[in-house]
Amino acid sequence: MIAILSDVHGNEEALRAVLADCEQRGVSRYWFLGDCVGYGPRPNECSALIRARAEVALAGNHDIACVGGMDISPFRREIRTAWTLIMDLLDSETRDWLTGLEPQAHRDAEQSALFHASPRDPVWEYVEDGESIKGALSACDSRFIFVGHSHLPFAIFYDGGDTAYHRRDADGGWIDVSEGRWICNPGSVGQPRDGDPRAAYMIFDPAENRLAHHRVSYDIPLVQKQILELGLPESNANRLAFGL
Ligand code: ZN
């Protein structure tokens, strides 16, 4: 079984809670879809935890921004302030590791392609509506496509016809994936945006052809305190309580 994690965003408490949940479920393999840093207060700690475990780790847009890999001047002031603060926090090991990551990877043994955002634009495009789902399915022919970036958990099934079907089981039950093609988002570990503040991740079991979404509670007030202590924007702390 493989745990698929994305969008940790420097939230060490959420990440530790997810890793403990994975261990309890007997998961020992990890794939990470990017955005280890950005928004949250513990970028180095999160990078070390992912680095030690992930068979494959991708770069997200925040990771690229926080190692100086893009021009951040067009972004909102609040985002730029957070990125600059986080950039200063990064130790050299974290910076080197993040700089070496790519925003996409293929795992042929598991018929899988992994993108931080989408197959058409691995760094920026949100896969969230019919057009972007169709675009993703035609740009990549892997049977399983895993994306992060939108922070919204989903599992979409495509049987080769005109329609893609939403098959997410919100209760964490197994979804049978023995047929068709799938495009899935595990949701966000460190900053969920679907109205549920608990950390989100997914387990993929290629041997049994099944996958499941899971949610895990963690100490949100502690992370809010860490965010404010560092002088990161207050909204980064407030939104965690609401999952927005
Ligand atoms: Zn993100």
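Residues numbered from 1 in each chain as written. Predicted model: local features only at pLDDT ≥ 70, side-chain atom pairs only at ≥ 80, totals over all residues. Heavy atoms only, no water.

*Asks:* Now, about the overall build of the chain: what can you tell me, with residues and values included?
*Replies:* For the chain, the helix and strand inventory stands at 8 helices and 12 strands. For the chain, the C-alpha radius of gyration of 17 Å lies close to 18 Å, the compact-globule estimate for 244 residues. Counting only C-alpha atoms and orienting by the principal axes, one finds that the chain spans roughly 50 × 35 × 30 Å. When each of the 244 residues of the chain is scored for burial, the buried share is 56%. (Helix = DSSP H or I, 4+ residues; strand = E, 2+ residues; numbered from the N terminus. Rg over C-alpha atoms; globule rule 2.2 N^0.38 Å. Buried < 20%, exposed > 50% of the residue type's maximum accessible area, 1.4 Å probe, protein only.)

*Asks:* Can you explain the pairing of strand E12 (residues 210-216)? Please cite residues and give values.
*Replies:* In terms of burial, E12 is a largely internal element, 6 of the 7 residues being buried. With 2 bridges connecting them, strand E9 (residues 175-176) and E12 associate as antiparallel partners. When the bridges of E12 are listed, Ile175 appears paired with Leu211. Where strand E11 (residues 199-205) and E12 come together, 7 bridges link them in antiparallel fashion. Opposite Met202, over in E12, you have His213 as the bridge partner. From the end of E11 to the start of E12, which pair antiparallel, there are 4 residues, and Asn209 there has a positive phi angle of about 55°. (Pairing = 2+ DSSP bridges.)

*Asks:* Tell me about the packing of helix H2 (residues 43-53) against helix H5 (residues 92-99), residues and numbers included.
*Replies:* The geometry of H2 relative to H5 is characterised by a closest axis approach of 9 Å and an angle of 60° between their N-to-C directions. Of the possible angle classes, the one that applies to H2 and H5 is oblique. Taken as a pair, H2 and H5 cross one another with a handedness that is left-handed. Two secondary-structure elements touch here, H2 through Pro43, Asn44, Ser47, Ile50 and Arg51 and H5 through Glu93, Thr94, Trp97 and Leu98. Residue composition of the contact of H2 with H5, grouped by class: 4 nonpolar, 3 polar and 2 charged. (Axes fitted to C-alpha atoms, helices over the stretch in contact; angles between N-to-C directions. Parallel < 35°, antiparallel > 145°, perpendicular 65-115°, else oblique. Left-handed = near helix turned anticlockwise from the far one by under 90°. Contact = heavy atoms within 4.5 Å. Nonpolar A, V, L, I, M, F, W, Y, C, P; charged D, E, K, R; others polar.)

*Asks:* So what's going on with the state of the cysteines? Residues and values would help.
*Replies:* Evaluated as defined, the whole model comprises 0 disulfides. With no disulfide partner, Cys66 has as its closest neighbouring cysteine sulfur the one in Cys36, 10 Å distant. According to the relative accessible area criterion, Cys66 is buried, its value standing at 0%. No disulfide involves Cys184; its sulfur sits 12 Å from the nearest other cysteine sulfur, which is in Cys140. A residue is classified by how much of its surface remains accessible, and Cys184, at 0% relative accessible area, is buried. (Disulfide = S-S within 2.5 Å.)

*Asks:* How would you explain the coordination of the zinc ion if you had to name every residue and give the values?
*Replies:* Every protein donor of the zinc ion is accounted for by Asp7 (OD), His9 (NE2), Asp35 (OD) and His151 (NE2), and the metal-donor separations fall at 2.0 to 2.5 Å. Between the 4 donor atoms coordinating the zinc ion, the angles at the centre fall across 85 to 177°, so the site counts as irregular. All donors of the zinc ion come from a single chain, and their spacing in sequence reads D-x1-H-x25-D-x115-H. Of the two residues, Asp35 sits in the loop between strand E2 (29-32) and H2 while His151 sits in the loop between strand E6 (144-147) and strand E7 (154-158), which places them 116 residues apart along the sequence. Of the residues examined, Asp35 reaches a relative accessible area of 1% and is grouped as buried. Residue His151 is classed as buried on the basis of its relative accessible area, which comes to 2%. (Donors = N, O, S within 2.8 Å, 3.2 Å for Na, K, Ca; no water. Tetrahedral: all angles 85-135°; square planar, octahedral: opposite > 155°, others 65-115°.)

*Asks:* Describe the packing of aromatic side chains, listing the residues and the values that go with them.
*Replies:* Aromatic ring pairs are defined here through the distance separating the ring centres and the angle between the ring planes. Per the stated rule, a full pass over the model turns up 8 aromatic pairs. Pairing Phe75 with Trp83 gives two aromatic rings, centres 5.0 Å apart and planes at 70°, and the pair type is edge-to-face. One aromatic cluster is present, formed by Trp31, Phe144, Phe146 and Phe204 through successive ring pairs. Sitting above the plane of the Tyr39 ring, Arg239 keeps its charged end 5.3 Å from the centroid. (Phe/Tyr/Trp six-rings, centres within 6.5 Å; stacked < 30°, edge-to-face > 60°. Lys NZ or Arg CZ within 6 Å of the ring centre and 35° of its normal.)

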